[in-house]
Amino acid sequence: MNALLKKESEEVSSLFELISTQSTAYLSELHERQTTQSQVPLLRTKLDQSGVGTLGALTQFNERFESLMVGSSGPRYWGFVTGGTTPAAIAGDWLSTVYDQNPQGLQGQGDVSANVEIEAVQLLLDLFHLPPDFFGGFVTGATMSNFTCLAVARQWVGKQLGIDIAKQGVAKGIKVVTATPHSSSIKSLALLGIGSSNVVKINIEVGNREAIDVVALEHYLQKNPTEPVILISSAGTVNTVDFDDFKAIAKLKEKYSFWWHIDAAFGGFAACSSHHQHLVEGWEHADSITIDCHKWFNVPYESAVFFVKQKHSLLQVETFQNSNAPYLGNPLENFNYLNFLPENSRRLKALSVWFSLIAYGQEGIRSIVDDNINHAVQFGKGIERSLDFELLAPVRLNTVCFTLRKETNPDEVTVFLKTLNATGKVFMTPTLYKDRKGIRAAFVNWRTTTDDVNLVLGLMNEVINQLRNGH
Ligand SMILES: *Cc1c(COP(=O)(O)O)cnc(C)c1O
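Everything numeric in this text was worked out from a predicted model, so none of it was measured.

Colleague: Honestly, the state of the cysteines in this entry has me stumped. Any pointers?
Modeller: A covalent bond between the sulfur atoms of two cysteines is referred to as a disulfide. This structure, assessed with the given rule, holds zero disulfides. Left without a disulfide partner, Cys149 is nearest to the cysteine sulfur of Cys293, which lies 13 Å away. Counting only cysteine sulfurs, Cys293 is the nearest neighbor of Cys272, a cysteine outside any disulfide, at a range of 11 Å.

Colleague: Is there a simple way to explain a nonpolar patch on the surface in this structure?
Modeller: On the surface, Val12, Phe16, Trp94, Leu95, Val98 and Tyr99 cluster together to form a nonpolar patch covering roughly 550 Å² of accessible area. Top contributing element to the nonpolar patch by residue count: helix α4 (residues 87–99), with four residues. Among the structural elements, Tyr99 can be located in helix α4.

Colleague: In this structure, what is going on with the nonpolar core? I would like to understand it.
Modeller: Across soluble globular proteins, nonpolar side chains have a tendency to be buried as a group. Formed by 94 residues in total, the largest nonpolar core has its most connected members in Leu124, Phe128, Trp283, Ile289, Phe297 and Phe307. Among residues more than four places away in sequence, those in contact with Trp283 are Phe128, Leu130, Phe246, Ile262, Ala264, Gly268, Ala271, Ile289 and Ile291. The next biggest cluster of nonpolar side chains, apart from the first, holds 24 residues, and it includes Phe379, Leu404, Leu417 and Leu420.

Colleague: Looking at this structure, how should I read the sheet that holds strand β9 (residues 399–404)?
Modeller: Pairing between the strands of a sheet comes from backbone hydrogen bonds, and it takes one of two forms, parallel or antiparallel. Read across the open sheet, the four strands follow the order β8-β9-β11-β10; overall the sheet is antiparallel. Both outer strands of the open sheet, β8 (389–391) and β10 (429–433), are each paired with one neighbouring strand and no more. Across the sheet, the mean angle separating the axes of adjacent strands is 45 degrees when strand polarity is ignored. By the bridge criterion, four bridges tie β9 to strand β11 (residues 436–442) in an arrangement that is antiparallel. The residue of β11 that forms the bridge with Phe402 is Ile439. With respect to the sheet, helix α13 (residues 411–422) is in contact with β8, β9, β10 and β11, its orientation differing from that of β11 by roughly 30 degrees.

Colleague: I tried to follow helix α9 (residues 214–223) on my own but got confused; where do I start?
Modeller: Working note: α-helix, 3.6 residues per turn, so residues spaced by three or four point in the same direction. Where α9 is concerned, the buried positions are Val214, Leu217, Glu218, Tyr220 and Leu221. For α9, the angular spread of buried residues about the axis comes to 155 degrees, placing them on one side. Turned more than 90 degrees away from the buried face of α9, the exposed residues are Val215 and Lys223. At the N-terminal end of α9, a side-chain oxygen is found 2.9 Å from the backbone nitrogen of Val215, two or three residues along, and the residue is Asp213.

Colleague: Got a minute to help me understand helix α11 (residues 313–320) in this structure?
Modeller: Counting buried positions over the eight residues of α11 gives six, a clear majority of the element. Buried within α11 we find Ser313, Leu315, Gln316, Val317, Thr319 and Phe320. If you follow the buried residues of α11, they end up packed against β1 (134–139), α6 (142–161), α7 (165–168), β5 (258–263) and β7 (304–309).

Colleague: Would you take a moment to explain the site of the ligand for this structure?
Modeller: Near the ligand lie 13 residues; those nearest to it are Thr143, Asp263, Asp292, His294 and Lys295. One of the side-chain N or O atoms of His294 is found 2.7 Å from an oxygen atom in the ligand. Protein coverage of the free-state accessible area of the ligand, which is 380 Å², stands at 82%. With three residues, the top contributor of residues to the shell around the ligand is α6.

Colleague: Looking at this model, I keep getting lost on unusual backbone geometry. Mind explaining?
Modeller: With glycine set apart, most residues show a phi of negative sign, and most peptide bonds adopt trans. The phi dihedral of Asp100 is positive, around 50 degrees, even though this residue is not glycine. Note on placement: Asp100 falls in the loop between α4 and α5 (114–127). Backbone geometry at Val241 places phi at a positive 50 degrees, although glycine is not the residue there. With respect to the helices and strands, the residue Val241 is situated in the loop between β4 (229–234) and α10 (246–255).

Criteria and cut-off values
Residues numbered from 1 in each chain as written. Predicted model: local features only at pLDDT ≥ 70, side-chain atom pairs only at ≥ 80, totals over all residues. Heavy atoms only, no water. Disulfide = S-S within 2.5 Å. Patch = residues over 30% accessible without salt bridge, like charges linked within 9 Å, V, L, I, M, F, W, Y side chains within 5 Å. Areas by Shrake-Rupley, 256 points an atom, 1.4 Å probe, with all protein chains shown as cover. Salt bridge = Lys/Arg side-chain N within 4 Å of Asp/Glu carboxyl O. Helix = DSSP H or I, 4+ residues; strand = E, 2+ residues; numbered from the N terminus. Core = buried A, V, L, I, M, F, W, Y, C linked by side-chain atoms within 4.5 Å. Buried < 20%, exposed > 50% of the residue type's maximum accessible area, 1.4 Å probe, protein only. Contact = heavy atoms within 4.5 Å. Pairing = 2+ DSSP bridges. Axes fitted to C-alpha atoms, helices over the stretch in contact; angles between N-to-C directions. Arc of directions from axis to C-beta. Polar contact = N/O pair within 3.5 Å; in protein donor to acceptor, adjacent residues only side chain to side chain. Near = heavy atom within 4 Å.

These figures come from the coordinates and say nothing about function on their own.
Here is the structure:
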C-alpha cells in the first residue's frame, strides 16, 4: 500500500473531524455568504509527482476555490429552481459515500442496497399520493428522468408500429406533442433519436396561461388516429408554474391511445400541500412522471426519480436491458436496476432521500413546501404593492415571475437584475415571458424565511431607486 494512503487510513478520524468542522462553519454562515462571484481562478494543467495528502488538498481547496463557492444552497438563492440540503439529506449523502454501495438487485447479487432505493421510491409514492402501481428509480437529475421515461415511451411507440426500437433503431414518423416543454425534454428527444424537430406545439390555454389547450389536444388526437403519440405534460412550467389539466387529459386517455408523460420536476410537490394538491389531481393516470429531488426535496445535487407504470415494465426492460445480462422471466422478479435505467453502476443516491423521508416525515416535507409557497405569495404581494415592479403572471405555487413597471427600455430589466445580483445578497435569473423581459424568483429552499423576503424587497427598492432616481 502507498505510504501516504496507509498513513491516512490511520488518521481518518482526525481528517473527518477537520472536514466536519469546516462543514459546520460553512453551514452556520451560509445565510451571509455571497450569492454571486465574479472572480475566476487560474487552473492548473500539470499534476505533481507526489501528492500532498488530504490535509494538503484541503488547504489548497481553501486557498484557491473555497472563497469562490457561492451560497447556492442558502436562503436567498432564488435563481433557476435551486434547493438546498437539510441536515438529514447531508447525513444520508455522506453515508452513501462512506458505504459506497452500487444498488442493483434486491437479493442474491451481493450488494442489496437497492432495497433502500425501492423503499425510498415507495415512500415517495405515498408522499405524493400516487398509487403503488408505479415503478421508480433514481437518476442524476430531471433531465435524465425525462430521458428515462421518454425512452420507454419511444419503445412503446415502436411497439405500436411493430418495431423494437431498442433493437432496430429509430422509426420514422414519430410525433411528439407538447405545449411548454422544459428544454431538457427537447434535449432528451434529441438524445433518443426521436429528433427535436418532430415536436408538434399544441396551443396553450388563452389568457395568462402556459398550460396545454385540451380542446386543441383532442383535436390533434382526433385528426391523427393512427399515429402513435407521446404527450409531454407540464406539472409546473418553469416561468409561471402552470399545470396542464390532468383530469381532462386522463379523460382523453380513455378515448385515445397515447403515452402520457408528466414533467413534474418541482411542481409535483404541490401534491404535498393540502391547498395546492388539486393542481396535480388526475396525474396518477399518467404512464410516466419525472420528479427532481435536488430541487424542492432539498437533497444534494444528482438526485431525481422517475416513476413508470409497472404495466410498462417489459417495455422498460426492453429499452434498458444490459446486453450482457439477458433478461429472463418477469422483469419485476429477479430484478436488477441496471435493466431499468440508463446507468449500470450508480451510487446509492436514494439514501439521502431516504434519510429525509424518515427524518422529517409527511409533516416536515409539507411544511417546507407550504412555507416556500407562502414566501412566493409574500414576495408576489410585495411586487403587486410596488410602483416600480409588476407581476407577469399570477403566483400559482412557489415561483414569482415579474418585471419592472413602466420600463421604457427592456435593457432596464437586465441592468436592474445585474445590479441586484451583484449585491451578493440574493440571486434571481432572467427570463422571457410572452415577449417581455422578466425575472424569476423560485422559492424551494428550506432555510428561507419571511425576513429574507422582506430583506430582498427592501434591497430591490434601494436598487431601483438608485437606477431610476440616482439615489
Ligand atoms: C430543472 C428542471 C428540469 C431539468 O432538471 P435537471 O435536474 O437540471 O436535470 C426538467 N424539467 C423541469 C420542469 C425542471 O424544472
